[in-house]
Amino acid sequence: METDTKANGVASAGPATESARTIKIHKPTETDMRHYYENFLPFNLIFQWLNHSRVPSTDFTHREFAFEHQNGAYQRYNSFSDSADFKKKVCKVNPTRFEVGAIYPIEPKNRKSVSKALMKPLAKEMVLDIDLTDYDEIRTCCKGTAICDKCWKFITLAIKVVDVAIKEDFGIENRIWVFSGRRGVHCWMSDPRIRVLKEQGRRAFIEYLDILNVKSKGKKGIFGMKKPYHPHVERSLDILKEHFVEVILKEQGTWDSVEANKELVQSIPDVRLKNALLAKWKDLPQRTSTEKWIDIGELHDELRVQSFDIVDWRKEMILQMLYPRLDVEVSRQMNHLLKSPFCVHPGTGNVCVPFDPSESEFDPFDDAPTLHEIFTENETDWRETKLRKSIELFAQYVEGLQETTAKREREDLEF
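Some details on the overall build of the protein
Here's step 1: Each helix and strand counted, the protein has 16 helices and ten strands in total.
Here's step 2: Radius of gyration (C-alpha) of the protein: 24 Å, near the 22 Å computed for a compact globule of 415 residues.
Here's step 3: Burial statistics for the protein: of 415 residues in total, 53% are counted as buried.
Here's step 4: When contacts within the protein are restricted to residue pairs at least 6 apart in sequence, those whose partners lie at least 24 apart make up 70%.
Here's step 5: Of the roughly 19300 Å² of accessible surface on the protein, 49% is carried by carbon and sulfur atoms.
Here's step 6: When the 62 basic and 66 acidic side-chain charges of the protein are each reduced to a single mean position, those positions are 5 Å apart.

A few points about the nonpolar core
Here's step 1: Membership of the largest hydrophobic core comes to 113 residues, with the highest contact counts inside it found for Y36, F98, I248, W255 and L387.
Here's step 2: At eleven residues, the largest contribution of residues to this core is made by helix α5 (residues 149-168).

Observations regarding the pattern of salt bridges
Here's step 1: Across all of its chains, the model carries 25 salt bridges by this definition.
Here's step 2: For the salt bridge of D169 with R235, the shortest nitrogen-to-oxygen distance reads 2.7 Å. Of this pair, D169 sits in the loop between α5 and β7 (175-179) while R235 sits in helix α8 (residues 231-240), and the two are 66 residues apart along the sequence.
Here's step 3: With relative accessibility at 31%, the residue D169 sits in the partly exposed group.
Here's step 4: With a shortest N-O distance of 4.0 Å, E291 and R287 are connected by a salt bridge.

Side note on the pairing of strand β3 (residues 63-68)
Here's step 1: Counting buried positions over the six residues of β3 gives five, a clear majority of the element.
Here's step 2: In this structure, β3 lies alongside strand β5 (residues 97-103), joined through five bridges in antiparallel fashion. Across the sheet, R63 pairs through a bridge with I103, a residue of β5.
Here's step 3: With three bridges joining them, β3 and strand β4 (residues 74-78) adopt antiparallel strand pairing. When the bridges of β4 are listed, E68 appears paired with Y74.
Here's step 4: Taken together, β3 and the strand that follows it, β4, pair antiparallel across an intervening segment of five residues, in which G72 is found at a positive phi of about 95 degrees.

Considerations on the packing of α5 against helix α9 (residues 244-252)
Here's step 1: The interhelical angle for the contact between α5 and α9, taken along N-to-C directions, is 155 degrees, at an axis separation of 11 Å. The orientation of α5 with respect to α9, classified from their angle, is roughly antiparallel. The handedness of the crossing between α5 and α9 is left-handed. Contacts between α5 and α9 involve K150, C151, K153 and F154 on the former and, on the latter, E246, V247, I248, E251 and Q252.
Here's step 2: The class makeup of the residues in the contact of α5 with α9 is four nonpolar, one polar and four charged.

Some points on the sheet that holds β3
For sheets, the rule is that strands pair by backbone hydrogen bonds, running either parallel or antiparallel.
Here's step 1: The strand order across the open sheet formed by four strands is β4-β3-β5-β9, and the pairing between neighbours is antiparallel. Either end of the sheet is taken by a strand with one partner, and the two such strands are β4 and β9 (338-339).

Some remarks on unusual backbone geometry
Here's step 1: Of note, the amide linkage connecting K227 to P228 takes the cis form, showing an omega dihedral of -5 degrees.
Here's step 2: By secondary structure assignment, the location of P228 is in the loop between α7 (199-209) and α8.
Here's step 3: In this model, N94 sits at a positive phi of 55 degrees, which is unusual for a non-glycine residue.
Here's step 4: Relative to the helices and strands, N94 resides in the loop between α4 (83-93) and β5.

Cut-offs and rules
Once a new chain begins, its residue numbering starts again from 1 and follows that chain's sequence as written. Given that the model is predicted, a residue must reach a pLDDT of at least 70 before its local features are reported, and side-chain atom pairs must reach 80 or more before they are shown or counted; all residues, however, enter totals for whole chains, interfaces and linings. To obtain the side-chain values, all non-hydrogen atoms of the structure were used and water was disregarded. In DSSP terms, a helix is any run of H or I states spanning at least four residues, a strand is any run of E spanning at least two, and both are numbered starting from the N terminus. Atoms counted for the radius of gyration: C-alpha only. Globule rule: 2.2 Å times the number of residues to the power 0.38. Each residue's exposure class comes from its accessible area (1.4 Å probe, protein chains only) as a fraction of the maximum for that residue type: buried when under 20%, exposed when over 50%, partly exposed otherwise. A contact between two residues is defined here by any heavy atoms of the two lying within 4.5 Å. Computed with the Shrake-Rupley method and a 1.4 Å probe, the accessible areas treat only the protein chains shown as cover for residues. In this count, Lys and Arg are taken as positive residues and Asp and Glu as negative ones, while His and the chain termini are left out. Working definition for charges: the position is that of NZ of Lys, CZ of Arg, CG of Asp or CD of Glu. Residue types Ala, Val, Leu, Ile, Met, Phe, Trp, Tyr and Cys, when buried and joined through side-chain atoms within 4.5 Å, form a set referred to as a nonpolar core. Salt bridge, as used here, is a side-chain nitrogen of Lys or Arg placed within 4 Å of a carboxyl oxygen of Asp or Glu. What makes two strands pair is DSSP finding at least two bridges between them. Axis definition: a line fitted to C-alpha atoms, limited for helices to the stretch in contact. Angles are taken between N-to-C directions and run from 0 to 180 degrees. Angles below 35 degrees are treated as roughly parallel, those above 145 as roughly antiparallel, those between 65 and 115 as roughly perpendicular, and all remaining angles as oblique. Here a crossing is taken to be left-handed if its near helix is turned anticlockwise relative to the far helix by less than a right angle, and right-handed if that turn runs clockwise. Ten residues, namely Ala, Val, Leu, Ile, Met, Phe, Trp, Tyr, Cys and Pro, are considered nonpolar, four, namely Asp, Glu, Lys and Arg, are considered charged, and the remaining ones, Gly among them, are considered polar.

Structural data, given as structure tokens:
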């Protein structure tokens, strides 16, 4: 790999490649959903995952589930006695999807029999939500719900940054990544100590990761970060800088347009340099993002700018463009619900399959089957379909989680 030191001192991965693939869309019918629930969705594994053991406990029986019905209605505070009851009611209701919530002091379906003061969440998995719509101001290849190979790289890089942080900085072992079904991913963390975190602890957790503050009122960006950088920031920069030239400058061409000139110079704190850059780009309107990036460094040296460090500015720009953009409210609020693994995205028909980023990069175009593909492969047996890999992965994860929970309970008894 060659290093383009003139461009920005980060490694370039080579020329951009054209992206032709887009997300598969095969919207499921009510009949499709009923057949999937009855024959494919691993209800028992989801029960064991949320219950943390094979014998029903309050971790499951006092757990809230929500149904999104075929007519668009949304029904909260469902609860079930065991895996069989869970499957029976889902198959009967046949929702477009069901969502998982917190554990309460009583069964949520009986909430009206007690005062509202008692209906406060006791525990819930910590969840991270990363969605490509939060990158719309950066990506030029797609907008809104559309995705392609080029912009999916933002998600791939976000997973790399976040996964190493939650493992090395927080010591969380019991985590599973799940494709959202269209344009993002969720990370479910189930370590016993993190499930019982209250909102203040969850807020501290997500704020540690959310260095961009892109969704926080009154905050925007990271320029002028305190030096030296936090070890998490330095590690994230090491991961991201290798991809900046390829993703931002070449493939996205984020600042190729004339309209993007003012946006690019907004982050530059020196007025002389700003004006010089705008004047140059006015005379040369066809300058690409790569050329503009080089211009900034050259004019910084030519004008002998002393008001800011160009190296630090480059680092912070890389972070600003590529660092993960997190939906903090999903993580912060214990009463927030999120669709379960193996649900089906109603807009695409894609199954929300779990995946292991340590094994390989997840490919939403090939690794997430639609119901149509599954039914074509086999009408009733998931072992003969593309679901097999994700279900077996989830089963291994659930087994490890149960072992962790059992070990924790033994340690508590010994203490």
